[in-house]
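Read off the chains here:
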Amino acid sequence: MTAPAGPAPGTPDAGRTGPLAGVRVIDMATVVMGPYAAQILGDLGADVIKIESPKDTVRNGTLHRTPGMTPLNLNVNRNKRSVALNLKDEADHAKALQLIGGADILITNMRIGALRRLGMDHQSLAETFPHLIYAHAQGFRPDSDRADLAAYDETVQAASGLLDLADRAGDIGAPVVLPSIFADKVAALTIAYTALAALHHQRATGQGQLVEVPMADTMLAFNLVEHLQGAAFEPPMGPTGFAPSLTKGHRARPTKDGLAMIIPYSPQNCRDLFHAAGRPELAEDPRVNGEILDALRDGEAIAEMIESVTPNLTTAEWIDVCTKHSIPVGPVLKLDEAADDDYVREGHLLDLTEHPTEGAYRMVGVPVNFSATPASIRGHAPLPGQHTDEVLRELGVA
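Residues numbered from 1 in each chain as written. Predicted model: local features only at pLDDT ≥ 70, side-chain atom pairs only at ≥ 80, totals over all residues. Heavy atoms only, no water.

1. A look at the overall build of the protein
The helix and strand tally for the protein stands at 15 helices and 11 strands. Here the analysis covers contacts within the protein between residues at least 6 apart in sequence; of these, 68% occur between residues at least 24 apart. Accessible surface for the protein amounts to roughly 20,300 Å². Of this, 56% is attributable to carbon and sulfur atoms. Averaging the positions of the 33 positive and the 50 negative side-chain charges in the protein gives two centres separated by 3 Å. (Helix = DSSP H or I, 4+ residues; strand = E, 2+ residues; numbered from the N terminus. Contact = heavy atoms within 4.5 Å. Areas by Shrake-Rupley, 256 points an atom, 1.4 Å probe, with all protein chains shown as cover. Lys, Arg positive; Asp, Glu negative; His and termini not counted. Charge placed at Lys NZ, Arg CZ, Asp CG, Glu CD.)

2. Quick look at the packing of aromatic side chains
In this structure the tally under the stated criterion is 1 aromatic pair. Their ring planes at 70° and their centres at 5.8 Å tell us that phenylalanine 182 and phenylalanine 222 sit as a pair that is edge-to-face. In this pair, phenylalanine 182 is assigned in helix α8 (residues 182–205) and phenylalanine 222 in helix α9 (residues 215–227), connecting sequence segments 40 residues apart. According to the relative accessible area criterion, phenylalanine 222 is partly exposed, its value standing at 40%. (Phe/Tyr/Trp six-rings, centres within 6.5 Å; stacked < 30°, edge-to-face > 60°. Buried < 20%, exposed > 50% of the residue type's maximum accessible area, 1.4 Å probe, protein only.)

3. A closer look at the pairing of strand β3 (residues 80–84)
The buried fraction of β3 amounts to 4 of the 5 residues, a majority that puts the element mostly inside the structure. Pairing of strand β2 (residues 47–52) with β3, which is carried by 5 bridges, proceeds in the parallel orientation. Within β3, the residue paired with isoleucine 49 across the bridge is arginine 81. (Pairing = 2+ DSSP bridges.)

4. As for the sheet that holds strand β5 (residues 133–138)
If you trace the 6 strands from one edge of the open sheet to the other, you get β3-β2-β1-β4-β5-β6, paired in parallel fashion. Each having just a single partner strand, β3 and β6 (209–214) make up the two edges of the open sheet. Neighbour-to-neighbour, the strand axes of this sheet turn through a mean angle of 20°, independent of strand direction. When strand β1 (residues 24–28) meets β2, the two strands line up parallel, connected through 4 bridges. Its bridge partner being in β2, valine 25 is matched across the sheet by valine 48. (Axes fitted to C-alpha atoms, helices over the stretch in contact; angles between N-to-C directions.)

5. A word on the confidence of the model for the protein
Averaged over every residue, the pLDDT of the protein is 91; the share at 70 or more is 94%. Overall, residues 1–11 carries pLDDT values under 50, and its contacts beyond four positions in sequence, including any with other chains, amount to 23 contacts. (pLDDT = per-residue confidence, 0-100.)

6. Remarks on the pairing of strand β4 (residues 105–108)
Burial along β4 is two-sided: the face carrying Ile105 and Ile107 and the face carrying Leu106 and Thr108 are both buried. Bridge count for β1 against β4 is 4 bridges, and the pairing is parallel. Within β4, the position partnered with methionine 28 by the bridge is threonine 108. The pairing of β4 with β5 spans 4 bridges and is parallel.

7. Examining the domain arrangement of the protein
Bring the parts together and some accessible area is lost; that lost area is often taken as the interface size. Here the protein is described as being made up of domain 1 (24–222 + 366–395) and domain 2 (253–331). Between the C-alpha centres of domain 1 and domain 2 there is a distance of 43 Å. (Domains from an automatic or database assignment.)

8. Re the pattern of salt bridges
Inspection of every chain in the model, using the stated rule, returns 21 salt bridges. The residue arginine 24 makes a salt bridge to glutamate 394 at a minimum N-O spacing of 3.7 Å. Within this pair, whereas arginine 24 is found in strand β1, its partner glutamate 394 is found in helix α15 (residues 388–394), the two being separated by 370 residues in sequence. Note that arginine 253 and glutamate 307 form a salt bridge whose closest N and O atoms lie 3.0 Å from each other. Highlighted residues: arginine 253 in strand β7 (residues 253–255) and glutamate 307 in helix α12 (residues 295–309), separated in sequence by 54 residues. Each member of the pair, arginine 253 together with glutamate 307, is buried. Counted as one network, the salt bridges with shared partners bring together Arg24, Asp47, Arg81, Glu390 and Glu394. (Salt bridge = Lys/Arg side-chain N within 4 Å of Asp/Glu carboxyl O.)

9. Concerning unusual backbone geometry
Omega for the bond connecting glutamate 234 with proline 235 falls within 30 degrees of zero, at 0°, which places this linkage in the cis form. You can see proline 235 is positioned in the loop between α9 and α10 (243–246). Of note, the phi angle at valine 31 is positive, near 60°, even though the residue is not glycine. Within the fold, valine 31 resides in the loop between β1 and α1 (33–43). With relative accessibility at 31%, the residue valine 31 sits in the partly exposed group. Positioned with a positive phi, asparagine 79 is a non-glycine residue whose angle comes to about 55°. On the secondary structure map, asparagine 79 appears in the loop between α2 (71–74) and β3.

Written out as structure tokens, the structure reads:
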């Protein structure tokens, strides 16, 4: 990807705009899900004002140079202005309402009960601010018997079937949480695209609306795209679970000098791979000479055949072979080495930059490119309440 013209990627640039220039977003969310969604909109050019909670756990952690400026905070709160307001204080509450009234989108993941007590639920705000897009995310649907459950990434992974899938794939006897705050980030992406859809409607009609994003529902729908399988039919034609993903052989392969993700998806892929490895007799196996590879029936056996030959070549040699024969392949990136990886460096995905208070740090780059309205990083993650006076003065809030 060619970097956009202008300042070096990763360097905040106050002059840049993006496709959401002129849109104002209020981030009244905590931890990762809501703030990450708001940051995405900020990267796309929106003016994001973060109403800081007196205590947001994303600012907790032992790795920091200044209290509250943790790595996680640096990477979910850039391109925002921070306003410190205590929503339980009458004067601060009134200021928050004035800020919300001047915004297009409000993002929050506070529990509905707390929002109602503050008079900041959608029903309380809709009449006063009919233009407002109110994006509310929580663990479970607000009209369900699970509405009041405290939802965290791990509990939503469990409730959405993801732990079951991990258990079936790993066959280790105990469900394992995916080692990423996967549910939070998938829900954040869903908040971002649904808020943008509502913004399109608002621009056409002037009408705001409530956008509800239950994490469990979002993740369940996400997981079932491929894993519903035989249960899509009634009566079921087979079990749930996408066999190519769940086979025990669905893993990185050993090469002569390391590991590579080599995934032949067709019989021809397998035959080409075996010939390249100098094992033409394996290409005669009937399991790789049908119309498709039967992952459910033969997946583990085919995986053993593949792994018996991948140590014959180096990772680089396999990449050449697989590229020639259109076999899916990729090197295995170790996160500790990511900053030095050519692909990561050329894509400006972990550029070194300078924070005005935190000094040198690596900033996760914007992963997309717009030819006409480039996304940009215009500001570092702020200190708590850093822009309170500026924003209130600018918006005419006393």
